[in-house]
Amino acid sequence: VLQKNIINGLEQNLNSHVTVFTCYYLNGSFKDFGMSKGYEWQGKFGGTNYCLPFRKTRVWSMFSKMFSVKKNFGKWLKANGKDKKTDVIVYSAYFPFLFPLIGLKKKYNINVSLVITDLPKYMGLRAKQSLYNRASLKISQWLFEKSFSVVDSLVLLSEPMHECLPENKPYTVVEGIA
């Protein structure tokens, strides 16, 4: 609901379509080798939005999402953003959405704003974690920090979040979102 409200608010204030690229936020099981089917839907102001496909295998799903973002968003930029500045809002501090932008930012004129609702190093914390979950969190945190340089500005939910980030970036705090 929050994401949909952000998109609707942007479209209403810009009086224009905002193109959305998203992936389901789910990881499969170790036994699930299927593919999450991508699909398209029409925005309120016209234009096409994209839910990207990815392989659901647990170990591979994060990297599959990353490659899907790079391929599909890269195609869209080639067709729509080649000669103009494109503002990109990444919702969630999740490396599969950020990492592909490193190469795309070198090729296209994109400005990246990152909305951080949760800091990666504090996501998925539980008293007991499997070896897979601990390793996955470490890799995710490392790749998030590696890709953080692509970010131009931030939207944070609280002031103290800024102190936990790897680099100093311009930011705004939007408190009270639930």
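This write-up is about the structure you can find in this document.

The subject of this paragraph is the side chain of S64. Topologically, S64 is positioned in helix α2 (residues 61-80). With a relative accessible area of 9%, S64 lands in the buried category. Discounting residues that sit within four places of it in the chain, S64 has contacts with F54 and R55.

It is worth spelling out the pairing of strand β8 (residues 153-156) at this point. Judged by which residues are buried, β8 turns out to be one-sided: L154 and L156 face inward and are buried, whereas S153 and V155, on the alternate face, are not. For strand β7 (residues 110-116) and β8, the ladder comprises four bridges, and the chain directions are parallel. Counted as the bridge partner of L114 is L154 from β8.

All right, on to the pattern of salt bridges then. Tallied over the full model, the rule gives two salt bridges. We note a salt bridge from D152 to K105, for which the minimum N-O separation is 2.6 Å. Here D152 is found in the loop between α5 (131-147) and β8, whereas its partner K105 is found in helix α4 (residues 100-107), with 47 residues between them in sequence. With a relative accessible area of 27%, D152 lands in the partly exposed category.

Burial along strand β4 (residues 48-51) is one-sided: N49 and C51 are buried, while T48 and Y50, pointing the other way, are not. The pairing of strand β1 (residues 21-22) with β4 spans two bridges and is parallel. Residue pairing for β4: F21 is matched across the bridge by Y50. Note that strand β3 (residues 39-42) and β4 share four bridges and pair antiparallel. Looking at β4, one finds that W41 is bridged to N49. Here β3 folds back onto β4 in antiparallel fashion, the turn holding five residues, of which G46 has a positive phi close to 85°.

So, on to α5. The end-to-end C-alpha separation of α5 is 24 Å, in line with the 24 Å expected for 17 residues at 1.5 Å each. Buried residues along α5 sit against α2, α3 (95-98), α4 and β7.

Definitions and limits used
Residues numbered from 1 in each chain as written. Predicted model: local features only at pLDDT ≥ 70, side-chain atom pairs only at ≥ 80, totals over all residues. Heavy atoms only, no water. Helix = DSSP H or I, 4+ residues; strand = E, 2+ residues; numbered from the N terminus. Buried < 20%, exposed > 50% of the residue type's maximum accessible area, 1.4 Å probe, protein only. Contact = heavy atoms within 4.5 Å. Pairing = 2+ DSSP bridges. Salt bridge = Lys/Arg side-chain N within 4 Å of Asp/Glu carboxyl O. Expected span 1.5 Å × (residues − 1).

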